[in-house]
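Single-letter residue listing:
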Amino acid sequence: MAMSVRVRLGSQFRNIMRVCFHENRHMSTAEIVVEKSENPKEPERISLEEQQRLNDIAKNERMEKLLNMRFAYQEFLPDPNPKNRNTLKERLERRDMLARRSNVEIPEFYVGSLVAVMHSDPHAPGKNNRFMGICIQKIGAGLRASFILRNFIDGEGVEINFDMYDPTIQRIDVIRLEKRLDEELFYLRDAPPEYSTFPVDMEPEYQPEGSAVPVNEIKVPLKPLPWLVKWERMGMKGIRDVTSMLTEKRLRMSKLKQFNKPWEKYDLLKMYSETIPIEDQVEIFSEIQEKLHELEQHRYKMKRSRNFVKPTKMG
Amino acid sequence: MNQAKILNLVAKLKHTNNIKPRKLKNYRGPEGRIAMLQKSLTALLKYERIELNFNRADETRAYAEIFMSQIAKQGSQNQKSIDMANFWILENQIIYKLFNVLVPRFSNDVSYTNLYHHPNVYPGILRPKAILELKNNSFPKVSSSIKNQSSVENILLKESHKRHFIDVITQ
């Protein structure tokens, strides 16, 4: 069996290769043609650089993918206050959260999404209760993560604070997946009731897979004074202009420096102490990514598979 | 109840694990604190080695580290990093220096600054003092290692010990 192999060699490897080939020549019947190139170092260097560049791109892509998980799985990031940090506690909590997620599907939703929660309630008829509303807050880290749902029922505003990993929760359905302009929607308490009224028997709206989460850019008007909070000082984006409602003094006060705090925009140490650094985030998400992917695939399969019922004899 | 904010991404600080923002007592309050830090951060980038009270130096160091790492991450062409530089640096020449000289120099994956304790002069105000400097600057080194026997400090110390013993024996 005769084979011809073309090898291009750099000067530093030539001697080593010669020895290797010389020793193996009597073992094989391979025919070796060594071709000397004019610039022997050039092709090697390009290939190495290219390889490094490709490696870097792959690494960056992987990093970006992991870091983008922070939007959907925000509660996996620990409390940033260094007094409350404990790496062992955090790891154990993450394990428990994944164990809970393997029993109940906790879907991706944001502040502003419409969510329905089915939970067991010993005082309700049938021992189950279903509450549907708009999510006005998502807060907390680890097993203490919680969210608040708000809706108008029988002419009365109702809010329920659910723990996300509460064992009494049976099912969480996302009716409409969307975001709002703000991180908290507590101003809906001071808005007219039609802005937080949603029919309880709404059907879920499905979006094509892989599409970006839409942002609802609605601006909510507020009821006349008095309000629960001085909203003009809070810098909320989702509120309509309220200057006509305010007194002159209150308007003047709202423009003061001490409420707007312009120096906090670039306060780097404050920004640092409120977040988890990139390296820690990558470590956390690479730890949970596999398990989450597994659960997702399992669910996808279960949806597709039909439930076969054993045929029974008729007549 | 606290939750980590996720909009901004920041690289981990290399020089310390525990950071506590200091108040830096000031008659203008939190606004004055930021103004103090703006001044000393501009001076650090301008002179590359400065002498400060320890508290202020340590605080400036943290801000400088985050500042440089954010610019290295975002790139000097990014609008965000230009706005940040305009806020923190008070002189236009230093912004030019930052993007053209310092950023290419500090593309490494290590911390960007050094901090040294500085002795007090007695009699005087006995507050702890410090020297803050950028790495890879053109000045001679602040400290020489203790093991180096040929350094000037070690030779002088050895000689003074000898002189002291000779004086004790002769008395």
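Because the structure is a prediction, the values reported are computed rather than measured. (Residues numbered from 1 in each chain as written. Chains lettered and ligands numbered in written order. Predicted model: local features only at pLDDT ≥ 70, side-chain atom pairs only at ≥ 80, totals over all residues. Heavy atoms only, no water.)

Trainee: Looking at this model, I keep getting lost on the sheet that holds strand S7 (residues 169-176) of chain A. Mind explaining?
Mentor: Each strand in a sheet pairs with its neighbour through backbone hydrogen bonds, running either in the same direction (parallel) or in the opposite one (antiparallel). Residues and elements named next belong to chain A. Taken in spatial order, the 5 strands make up an open sheet running S6-S5-S4-S3-S7, and their pairing is antiparallel. Across the chains shown, the open sheet's two edge strands, defined by having one partner strand only, are strand S6 (156-163) and S7. Put simply, the sheet's adjacent strands are angled 35° from each other on average, direction ignored. In the sheet, strand S5 (residues 146-153) pairs with S6 via 8 bridges, with the strands oriented antiparallel. Along S6, the bridge assignment pairs leucine 149 with isoleucine 160. (Pairing = 2+ DSSP bridges. Helix = DSSP H or I, 4+ residues; strand = E, 2+ residues; numbered from the N terminus. Axes fitted to C-alpha atoms, helices over the stretch in contact; angles between N-to-C directions.)

Trainee: Please clarify how the pairing of strand S4 (residues 128-139) of chain A should be interpreted in this entry.
Mentor: For a regular strand, side-chain orientation follows a simple rule: the groups alternate between the two sheet faces. Residue and element names in this part refer to chain A. Two strands pair when backbone bridges link them, and strand S3 (residues 114-120) and S4 are joined in this way by 7 bridges, in the antiparallel orientation. Bridge pairing in S4 places methionine 118 opposite arginine 130. Examined bridge by bridge, S4 and S5 share 5 bridges and lie antiparallel to one another. In the sheet register, cysteine 135 faces S5, and the bridge partner there is leucine 149. Linking S4 back to S5 in an antiparallel pair, the connection comprises 6 residues, with glycine 140 at a positive phi of about 95°.

Trainee: Help me understand helix H1 (residues 30-47) of chain B in this model?
Mentor: Along an α-helix, residues three or four positions apart point the same way, because every turn accommodates 3.6 residues. All names here are of chain B. In a regular helix each residue adds 1.5 Å, so 18 residues correspond to 26 Å; H1 covers 26 Å between its end C-alpha atoms and thus fits that length. Turning to H1, its buried residues are Gly32, Arg33, Ile34, Ala35, Met36, Leu37, Gln38, Ser40, Leu41, Thr42, Leu44 and Leu45. Where H1 is buried, its residues contact strand S1 (49-53), helix H2 (54-74), helix H3 (79-88), helix H4 (92-105), strand S2 (113-118) and strand S3 (129-134). Downstream of H1 by a residue or two, glutamate 48 has a phi angle that is positive, lying close to 70°. (Expected span 1.5 Å × (residues − 1). Buried < 20%, exposed > 50% of the residue type's maximum accessible area, 1.4 Å probe, protein only. Contact = heavy atoms within 4.5 Å.)

Remember that the coordinates give geometry; whether it matters functionally is a separate question.
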